[in-house]
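Structural characterization, general
Residues per chain are reported as follows:
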Amino acid sequence: MPVSISHLLGLEDVSAQDIGTILDTAETFKEVLERPIPKVPTLRGTTVLNLFYEPSTRTRISFELAEKRLTADTINFSKATSSVSKGEVLRDTIRNIEAMKIDMIVVRHSAAGVPLFLTQCSDAAVINAGDGKHEHPTQALLDMLSLRQKFGSLKGLKVAIVGDILHSRVAGSNIHGLLTMGAEVMLCGPKTLIPPHIHDLGVSVSYQIDQALEWADAVNVLRIQLERQKSGLFPSIREYHAQIRRDAPPYRTTEKEITIMHPGPINRGVELDSDVADSDASIILYQVTNGVAVRMAVLYLLANPEGKVE
Amino acid sequence: MNLQALKHICLKNAELVDPVAHTRQSADIIIKNGIIQEIGKIDSSFSGESVDCSGQVISPGLVDMHVHLREPGREDEETVETGCAAAMAGGFTAVLPMPNTDPPCDNQQVVRFLKQKAEKELVDVYPVGAITKGRKGIEMAEIADLYQAGAVAFSDDGSTSSNSLVMRYALEYASMYNAPIIDHCEDHKLANQGHMNEGVMSTRLGITGIPNAAESVIIARDIELVRLTGSALHVAHLSTAEGVELVRRAKQEGLPVTCEVAPHHLLFTDQDLTGFDPNLKMNPPLRTPKDMDALMQGIADGTVDVFASDHAPHSLEEKQVEFEAAPFGIIGLQSMLSVILKTVVESGALSLEQALEKMCVTPRKLLNLPVPQIKTGEPANLSIFNPKAKTVLRKQDIKSLSHNSPYIDMELSGKVYGVCNKGLMYINK
């Protein structure tokens, strides 16, 4: 089944049907990844540009792997080794690359809205691989796929997102995607790391980790960055660790098992302790595997908007 | 340039709207050598040039008390000449350029330079001097010198001094010359290098927001300083509901506090930012519909004194970038009258006379400038426009060097025919 979108800029305006199609398609690609030769010729002749203006390891490798598994031609661009470091503006960069006939662009940028901006100066299908604090839709899709595999359905599922919501594009996309699919979302973290007016998006907020864990079926723990503390948003990493990390008591003493997720990379001993991150309740590594399948699905569906695949 | 000398001309069949005299009449006006010679029904024996102004309103010349002409320093974005051309095309006969130029207007030389550049222009250019040296907010600029060179008000527009003592001294010092302090009210630390209004939209878009309190805490501080000093304060580009309420209460107390509103805050809100259009990025940012309603209420009840465009030209290269990298500001001289007619007059919030008063009479009164009169023997300082016509601002019609406008190709209200001033007449073609 085709999707109704021609770009994946975020999940805010993506319908439940399209999300369902992407997740279903990802399941089929997951099967491909388990074959002895995990490669299909689906995107042969399609050229994908990985346009990474921000450092990235996981997302970039995941996208590249997805492209290679689909037999797409890939071009990699990184800010450090490009003319951008000499002051070339984004619009010129993309127009020049466009002139070389690119079919799809996977973009990561520190500024919100850049993927949308690219659709205005290029004919290629654009996939957002993270734009500033705005959205990171493929991460949310892989989170949702992982949850769906674990729980069977997202409808009615209670998901707590814990940590630095204010700076998190992962949280942004997860909120939109999960709510669209019928899940409930609670945000938890210090008040200074929760964006203002977030209630208006349809989520609940708690500043107490115990309360969030009591409520949740699954908890998606976000990475905390040291520079946030330096900018005065919370008093110390030590205090953050003491308040948010759950080495254990709440994760372990709660009567139900809480599924642990993390978009990586984990600051072990800060937002999660190792024994929790590596416990049976953790689906963190499943998320990573699902990332490749989800990205294959998105690339495939956007490269074939009419569903015409030979 | 469609500029001609006002030697002997009759503007026929116009509707004279005079917010000074509070009169409205259909009449012809004869102007001879730049002076209004006769008003009334002119007989057919008139020997000069006649211009049919049927459907046009003639008002005393409009003034935009908040513009950026970018000269000196950024002549690629705007110059005194092109800014004046935009002003004329927008129906204005006077502008106040803000001092955030490079070098800033914090010394006599820049004031004199601007006055000299404007000498040959139809538009009156009244420079605003900086409050502090280098607009750094630390040490008072030479306010007396600036005033004597021709500055009519003082502002560090684009920034606010966080030093309350400096602001106190500036208010006291400028009051010796009866010149108002125009404050860009923004607590920069609280604004936190934000790019848009802080609210549900900034959360959705993942862009750092500027809270309403960044504006209102400085307005509240400044009002306290006015209470302390008794000096006149004008709040620039008011954008928040809280700010309107603070100014309203100050006025009720009888404090000499005035304020202006920019037209874009009456037409757009932060909900228009879903497309990340850098031409909708301004400072103060587009606020919420609730704030817009409060501004309209403030306009209707007289809390808002002045409309001013905050005309802020930026080059294409600077604006055609990702939203967060783009500078704040849009051009507004050619669209201001149309947007005010559309948002304020057509909505019934104000009559045409009341709206014109905020673009003609009140700004000049608070700046202690002479207010043009439509009277026999007075210089012809006039704006001519059709308030009922619909107009579309086309890119090719923009007179500014910069084209950073969200109004391009948008249907607006009113069409400017031309302006008269300094013995010259400009007609929009």
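This text follows the structure it describes.
None of the values given here were measured: they were computed from a predicted structure. (Residues numbered from 1 in each chain as written. Chains lettered and ligands numbered in written order. Predicted model: local features only at pLDDT ≥ 70, side-chain atom pairs only at ≥ 80, totals over all residues. Heavy atoms only, no water.)

**Here we look at the overall build of chain A**
The line we're drawing: The helix count covers DSSP runs of H or I at least four residues long, the strand count covers runs of E at least two residues long, and both are numbered beginning at the N terminus. Each radius of gyration reported is based on C-alpha atoms, and the globular scaling rule is 2.2 Å times the count of residues to the power 0.38. Relative accessibility under 20% of the residue-type maximum defines a buried residue, over 50% an exposed one, and the middle range a partly exposed one, all with a 1.4 Å probe and only protein chains included. Note on areas: Shrake-Rupley, 1.4 Å probe, and residue coverage restricted to the protein chains presented here. Here the positive residues are Lys and Arg and the negative ones are Asp and Glu; neither His nor the chain ends is included. For the purpose of locating charges, the reference atoms are NZ of Lys, CZ of Arg, CG of Asp and CD of Glu.
A count of helical and extended segments in chain A gives twelve helices and nine strands. A compact globule built from 310 residues would reach a C-alpha radius of gyration of about 19 Å, and chain A, at 19 Å, matches this within 12%. By its C-alpha atoms, chain A is 55 × 45 × 35 Å across when sized along the principal axes. Counting only residues that meet the buried cut, chain A has 57% of its 310 residues in that class. By element, 49% of the accessible surface of chain A is carried by carbon and sulfur atoms, the whole surface being about 13,200 Å². Taken together, the 32 basic and 37 acidic charged side chains of chain A have centroids lying 4 Å from each other.

**Focus: the overall build of chain B**
The secondary structure content of chain B amounts to 13 helices and 20 strands. Principal axes of the C-alpha set define a box for chain B whose edges measure 70 × 45 × 45 Å. The burial tally for chain B puts 62% of its 429 residues in the buried class. Accessible surface computed for chain B: about 15,500 Å², of which carbon and sulfur atoms make up 48%. For chain B, the centre of its 39 positive side-chain charges and the centre of its 55 negative side-chain charges are spaced 3 Å apart.

**Some thoughts on the interface of chain B and chain A**
Note on interface size: it is often stated as the accessible area lost on association of the parts. Worth spelling out the cut-off: We call two residues in contact when some of their heavy atoms are within 4.5 Å. Buried area: the accessible area, evaluated with a 1.4 Å probe, that two parts lose upon being put together, summed over both parts. The salt bridge criterion pairs a side-chain nitrogen of Lys or Arg with a carboxyl oxygen of Asp or Glu, the two atoms within 4 Å.
Taken together, the 16 residues of chain B in the interface contact 20 residues of chain A. Summed over both partners, the interface of chain B with chain A comes to about 1,600 Å²; 59% of that surface belongs to carbon and sulfur atoms. Considering only the surface of chain B that becomes buried against chain A, Thr203(B), Arg204(B) and Glu322(B) emerge as the three largest contributors, covering 36% of it. Taken together, the links from chain B to chain A amount to one salt bridge. Residues Arg204(B) and Glu12(A) are paired through a salt bridge, measuring 2.3 Å at the closest nitrogen-oxygen approach.

**Re the environment of His234(B)**
All names here are of chain B. Defined as follows: Each polar contact in these results corresponds to two N or O atoms within 3.5 Å; when the atoms are within protein, one needs to be able to donate a hydrogen and the other to accept it, and residues that are neighboring in sequence are counted only if both atoms are side-chain atoms.
When you line up the elements, His 234 lands in strand β15 (residues 233-235). Separated by 13 residues in the primary sequence, His 234 and Arg 221 have C-alpha atoms spaced 13 Å apart. Those residues within four positions of His 234 in sequence are excluded, and the remaining contacts are Met 65, Ile 181, Ile 182, Asp 183, Thr 258, Cys 259, Glu 260, Val 306 and Leu 366. For His 234, the side chain forms a polar contact with the side chain of Thr 258, separated by 2.8 Å.

**Thoughts on the packing of aromatic side chains**
Residue and element names in this part refer to chain A. Using the following cut-off: Note on ring pairs: Phe, Tyr and Trp rings are taken, using the six-membered ring of Trp, and paired if centres are within 6.5 Å. Classes follow the plane angle, with under 30 degrees stacked, over 60 edge-to-face and the rest tilted. Two conditions define a charge located above a ring, namely a distance within 6 Å from the ring centre to NZ of Lys or CZ of Arg, and an angle within 35 degrees of the ring normal.
Going through the model one piece at a time under the given rule, you end up with six aromatic pairs over all chains. For the pair Tyr 53 and Phe 77, a centre-to-centre distance of 5.2 Å together with 45° between the ring planes defines the contact as tilted. Taken together, the residues Tyr 53 in the loop between β1 (47-52) and α2 (58-69) and Phe 77 in strand β2 (residues 73-78) connect sequence positions 24 residues apart. Each of the two residues, Tyr 53 as well as Phe 77, counts as buried. With 5.2 Å between their ring centres and 40° between their planes, Phe 234 and Tyr 240 make a pair best called tilted. Here Phe 234 matches Tyr 240 in class, with each residue buried. The ring of Phe 151 has Lys 150 lying over it, and the distance from NZ or CZ to the ring centre is 5.9 Å.

**Topic: helix α1 (residues 80-89) of chain B**
Residue and element names in this part refer to chain B. Most of α1 sits inside the fold, with nine of its ten residues counted as buried. Those residues of α1 lying buried are Val 80, Thr 82, Gly 83, Cys 84, Ala 85, Ala 86, Ala 87, Met 88 and Ala 89. Next to the buried residues of α1 lie β1 (3-5), β8 (92-97), α2 (108-118), β9 (124-125), β19 (411-421) and β20 (424-427). Gly 91 occupies a position one or two residues after α1 and carries a positive phi of about 95°.

**Thoughts on helix α9 (residues 237-244) of chain A**
Keep this limit in mind: Here the arc refers to the set of directions running from the helix axis out to each C-beta atom.
The set of residues buried in α9(A) consists of Tyr240(A), His241(A) and Ile244(A). Each buried residue of α9(A) lies within a common arc of 100° when the element is viewed along its axis, so the set occupies one face.

**Here's the deal with the packing of helix α12 (residues 336-345) of chain B against helix α13 (residues 352-366) of chain B**
All names here are of chain B. Under the convention used in this document: To obtain each axis, a line is fitted to C-alpha atoms, and for helices this fit is confined to the stretch in contact; angles are then taken between N-to-C directions over 0 to 180 degrees. Angle categories: roughly parallel below 35 degrees, roughly antiparallel above 145, roughly perpendicular from 65 to 115, and oblique for all the rest. Here a crossing is taken to be left-handed if its near helix is turned anticlockwise relative to the far helix by less than a right angle, and right-handed if that turn runs clockwise. Under the grouping applied here, Gly and all other residues not named as nonpolar or charged are polar, the nonpolar ones being Ala, Val, Leu, Ile, Met, Phe, Trp, Tyr, Cys and Pro and the charged ones Asp, Glu, Lys and Arg.
Running from N to C, α12 and α13 cross one another at 140°; their axes reach a closest spacing of 11 Å. With respect to each other, α12 and α13 are oriented oblique. Considering the relative orientation of α12 and α13, their crossing is right-handed. Facing Met 336, Leu 337, Ile 340, Leu 341 and Val 345 of α12, the residues of α13 in contact are Leu 352, Ala 355 and Met 359. For the contact of α12 with α13, the per-class residue count stands at eight nonpolar, no polar and no charged.

**Considering the packing of helix α5 (residues 137-151) of chain A against helix α6 (residues 169-180) of chain A**
Residues and elements named next belong to chain A. One way to put it is that α5 packs onto α6 with a least axis distance of 8 Å and a crossing angle of 55°. Overall, the two elements α5 and α6 adopt an arrangement that is oblique. The two elements α5 and α6 cross, and the hand of that crossing is right-handed. From α5, Pro 137, Gln 139, Ala 140, Asp 143, Met 144 and Leu 147 reach across to α6, where they touch Val 170, Ser 173, Asn 174, Gly 177 and Leu 178. Looking at the contact of α5 with α6 residue by residue, the class counts come to six nonpolar, four polar and one charged.

**Concerning the sheet that holds strand β5 (residues 158-162) of chain A**
All names here are of chain A. For clarity, the threshold we go by: A pair of strands is treated as paired once DSSP finds two or more bridges between them.
With respect to topology, five strands assemble into an open sheet ordered β7-β6-β5-β8-β9, the strand pairing being parallel. Whereas interior strands pair on both sides, the edge strands pair on one side only; in this sheet they are β7 (204-206) and β9 (259-261). Taken over all neighbouring pairs, the strand axes of this sheet differ in orientation by 25° on average, direction set aside. Note: β5 against strand β8 (residues 218-221), four bridges, orientation parallel. Residue pairing in the sheet places Ala 160 in a bridge with Val 219 of β8. Contacts between α5 and the sheet are confined to β5, β8 and β9, with β9 contributing the most and set at about 165° to the helix.

**Some remarks on the pairing of strand β18 (residues 382-392) of chain B**
Residues and elements named next belong to chain B. Where burial is concerned, most of β18 is hidden: eight out of the eleven residues are buried. Strand direction decides the pairing type here: strand β6 (residues 57-60) and β18, joined by four bridges, are antiparallel. In the sheet register, Val 57 faces β18, and the bridge partner there is Phe 385. In this sheet, β19 lies alongside β18 in antiparallel orientation, the contact comprising eight bridges. Within β19, the residue paired with Ser 383 across the bridge is Val 419.

**Let's talk about the pattern of salt bridges**
All names here are of chain B. All chains considered together, the criterion is met by 30 salt bridges over all chains. Between Glu 15 and Arg 24 there is a salt bridge whose closest N-O contact spans 2.9 Å. Judged by relative accessible area, which is 42%, Arg 24 ranks as partly exposed. Where Glu 245 meets Arg 248, a salt bridge forms, and the shortest distance between an N and an O atom there is 2.7 Å. Pair noted here: Glu 245 and Arg 248 are both in helix α8 (residues 241-252), with a separation of three residues, about one helical turn. Several salt bridges converge on common partners, so that one network encompasses Arg 70, Arg 74, Asp 76, Glu 77 and Glu 318.

**Quick notes on the environment of Val125(B)**
Residues and elements named next belong to chain B. In this structure, Val 125 sits in strand β9. C-alpha of Val 125 to C-alpha of Gln 108: the two residues are 17 residues apart in sequence and 15 Å apart in space. Those residues in contact with Val 125, other than ones at most four positions away along the chain, are Leu 69, Val 80, Cys 84, Val 95, Pro 97, Lys 115 and Ala 118.

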